[in-house]
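For reference, the chains in residue letters:
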Amino acid sequence: MEAVAVRPEVAGTLAAVDPEVETIIRAENRRQHNKIRLIPSENYASQAVLEASGSILTNKYSEGYAGARYYEGQREIDKIERLCVERAKEVFGAEHVNVQPYSGSPANQAVYVGLCAPGDTVMGLALAHGGHLTHGDRVSISGMHYKSVQYGVCRDSGEIDFDQVEALAKEHRPKLLFCGGTAYPRIVDFARFAEIGHSVGAIVIADIAHIAGLVAAGMHPSPVPHVDVVTTTTHKSLRGPRGGMILCRAQYADAIDKAVFPGLQGGPHNSTTAAIAVALKEATSEEFKLYAQQIVANAQTLAAALSVRGFALSSGGTDNHLILMDMTNKGITGYAMAKALDASGIVCNFNRVPFDPRPARKPSGIRIGTPAITSRGFGAEEMEQLAEWMDRVAQVRANKALELDDRKAEYAEITTEVRALCARFPAPGLLYDGGGKPL
Ligand SMILES: *Cc1c(COP(=O)(O)O)cnc(C)c1O
C-alpha cells in the first residue's frame, strides 16, 4: 500500500477533528455572550489577541532570552519577544521587563526565587483582607517556604492599615514587601509602601495583576517610579492572553531573568508572548484609554446604584474596577447571593470581606468588577439596570416566604431580561453568525 501523507491543513478543522471539544467551546462562547460577566479578573480578549495566541508560534521551543537561546531557529521568535519587551517598557516606563512568566502566580514565584531565600521573611496583604494567595498565604508556596507576615485593612475604613504595615515592617524587617491585591477596591498608595519598605531594607514589589490596564491607561497611579519590582498578569484589565510579566529596576534584571529561566520554567510560550505584544499595542490606543476610564466610571456608577439600594460596600465604594460587598445586612451570605445571581444570568464570585466571621468556602461577601462588561460596551444605563437586577435577586433569595420553585421562576425571568440586554452588546473576540447570534 502506498503511504498517504496527511497534511494538517487538509486534515481538518477542530469541528471535524474533535466535535466534542468544538461543541464545548461553542457552548462556552454562547455562555460568554448570554451572561453578564462580573468576575473582576475576567475580560474579553480581542480577536487580534486571540489570533496571535492561537498561532503557530506555539510550535517553537525557545529556552533562554532573545539573542541567547539554547535552541536554533529563533530569528522570528527573538523579534517577537524583543518587540513585546520594548512595548511593555514603553507602556509602563520600566527599566527591565521579563515577558516569559506563564501567569501571575509563576511571576510572583520568580520574585521569591530570584530575590530571597527559603526561610526569609516576606510580607503581604492577607488573603482575607483582599491580598493574593501568592503574597504569603499559608496554603501557597509563598507561605510554606518563607516566613510570612501578613498585614490587613482598617476595620472602619476598609483601607490599608499603614500603621500596621509600618509596625510589622519595623518588627520583622522583611526581605520582600508585597503590595497590591485581588479584592481591594481602592487606590494603592505605592509611594507609601515603598517608603516603609525601603526604610527597613526590604525590596518592594507591587502586584498590579488586576489593575494593569488601569495603570497602562493612567487611571491608577503607576507603581513603577516607586517600587523595585512590579508583577502582573496580562489577561485581566490589560485584556491580553493568559500570561504574566515582571517589570523591574535594572539592578534586579539578572536575578529576575535567571529565576524565570532556568530557575522555574523551561521554554516560554511564544504564542502568548506575541499576544501580549498585541495587547500592549492595543493598550496604547486612544480607544483603550477611554475603555479604562469607562471601567472606573461604570464601577462607580454601579457602586452608587448598589449603595442607594442598601448594599454594604467594603470601604464604602470603589476607586478602580472592583466592588466588594457584604451581603449580611440583606439577610443572606455572599455564597447564596453568588449562586442566586448565577441562576439569574449574572456571574460573580463569592468572596470573604475583611474581618469576615464566615469561612472562605461560604463567606459573607461577593466580588464584582467591570472590565468584561465594559469591553462589551455597557455604560451608565446598564449599570443602573444591573443594580436593579441584583437588588431583585437579593430580595428573592432572602424571602423565606417564597417556595424554591417561585424563586426559580423569578431567577428565570431575570435571566430572560439579562439575555435580551446581552443580545444588544456583542462582545469582542466571540464567534457570531452573520445575523449577530453567538455560534
Ligand atoms: C490574579 C492574580 C494573580 C495570579 O494570577 P494567575 O494568572 O491566576 O496565576 C496574582 N496576583 C494577583 C494580585 C492577582 O489578582
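Summary of the structure given here. (Residues numbered from 1 in each chain as written. Predicted model: local features only at pLDDT ≥ 70, side-chain atom pairs only at ≥ 80, totals over all residues. Heavy atoms only, no water.)

## Some thoughts on a positive patch on the surface
Part 1 of the reasoning: On the surface, a cluster of positive charge is contributed by Lys339, Arg358, Arg361 and Lys362.
Part 2 of the reasoning: On the secondary structure map, lysine 362 appears in the loop between strand S14 (349–351) and strand S15 (365–369).
Part 3 of the reasoning: What makes lysine 362 partly exposed here is its relative accessible area of 41%. (Patch = residues over 30% accessible without salt bridge, like charges linked within 9 Å, V, L, I, M, F, W, Y side chains within 5 Å. Areas by Shrake-Rupley, 256 points an atom, 1.4 Å probe, with all protein chains shown as cover. Salt bridge = Lys/Arg side-chain N within 4 Å of Asp/Glu carboxyl O. Lys, Arg positive; Asp, Glu negative; His and termini not counted. Charge placed at Lys NZ, Arg CZ, Asp CG, Glu CD. Helix = DSSP H or I, 4+ residues; strand = E, 2+ residues; numbered from the N terminus. Buried < 20%, exposed > 50% of the residue type's maximum accessible area, 1.4 Å probe, protein only.)

## Thoughts on the sheet that holds S14
Part 1 of the reasoning: Strand order across the open sheet formed by four strands is S11-S12-S15-S14, with antiparallel pairing between neighbours. Only two strands of the sheet have a single neighbouring strand rather than two, namely strand S11 (312–313) and S14.
Part 2 of the reasoning: In this fold helix H13 (residues 286–308) packs onto S11, strand S12 (322–326) and S15, with an angle of close to 20 degrees to the strand it touches most, S12. (Pairing = 2+ DSSP bridges. Contact = heavy atoms within 4.5 Å. Axes fitted to C-alpha atoms, helices over the stretch in contact; angles between N-to-C directions.)

## Examining unusual backbone geometry
Part 1 of the reasoning: A cis geometry characterises the amide bond from phenylalanine 261 onward to proline 262, with omega recorded as 10 degrees.
Part 2 of the reasoning: Its identity as a non-glycine residue notwithstanding, arginine 239 has a phi of 65 degrees, on the positive side.
Part 3 of the reasoning: Although it is not a glycine, serine 315 adopts a positive phi angle of roughly 65 degrees.
Part 4 of the reasoning: Within the element layout of this structure, serine 315 appears in the loop between S11 and S12.
Part 5 of the reasoning: Since its relative accessible area comes to 17%, serine 315 is described here as buried.

## Quick look at the site of the ligand
Part 1 of the reasoning: In the neighbourhood of the ligand, 13 residues make up the surrounding shell, with Ser103, Ser105, Asp207, His210 and Lys236 lying closest.
Part 2 of the reasoning: Between aspartate 207 and the ligand, the recorded distance is 2.6 Å, taken from a side-chain N or O atom to a nitrogen atom.
Part 3 of the reasoning: In the environment of the ligand, an oxygen atom lies 2.8 Å from a nitrogen or oxygen atom belonging to the side chain of lysine 236.
Part 4 of the reasoning: Considered on its own, the ligand offers 380 Å² of accessible surface; in the complex 86% of this is hidden by protein.
Part 5 of the reasoning: No other element matches the three residues that helix H6 (residues 104–115) contributes to the shell around the ligand.
Part 6 of the reasoning: Among the residues making up the shell around the ligand, the classes are represented as one nonpolar, 10 polar and two charged. (Near = heavy atom within 4 Å. Polar contact = N/O pair within 3.5 Å; in protein donor to acceptor, adjacent residues only side chain to side chain. Nonpolar A, V, L, I, M, F, W, Y, C, P; charged D, E, K, R; others polar.)

## Some remarks on a nonpolar patch on the surface
Part 1 of the reasoning: Taken together, the side chains of Leu14, Val21 and Ile25 make up a nonpolar region of the molecular surface, amounting to roughly 220 Å² of accessible area.
Part 2 of the reasoning: Here valine 21 lies in helix H3 (residues 19–34).
Part 3 of the reasoning: Residue classification places valine 21 among the partly exposed positions, given a relative accessible area of 35%.

So yeah, pure geometry; function would need other evidence.
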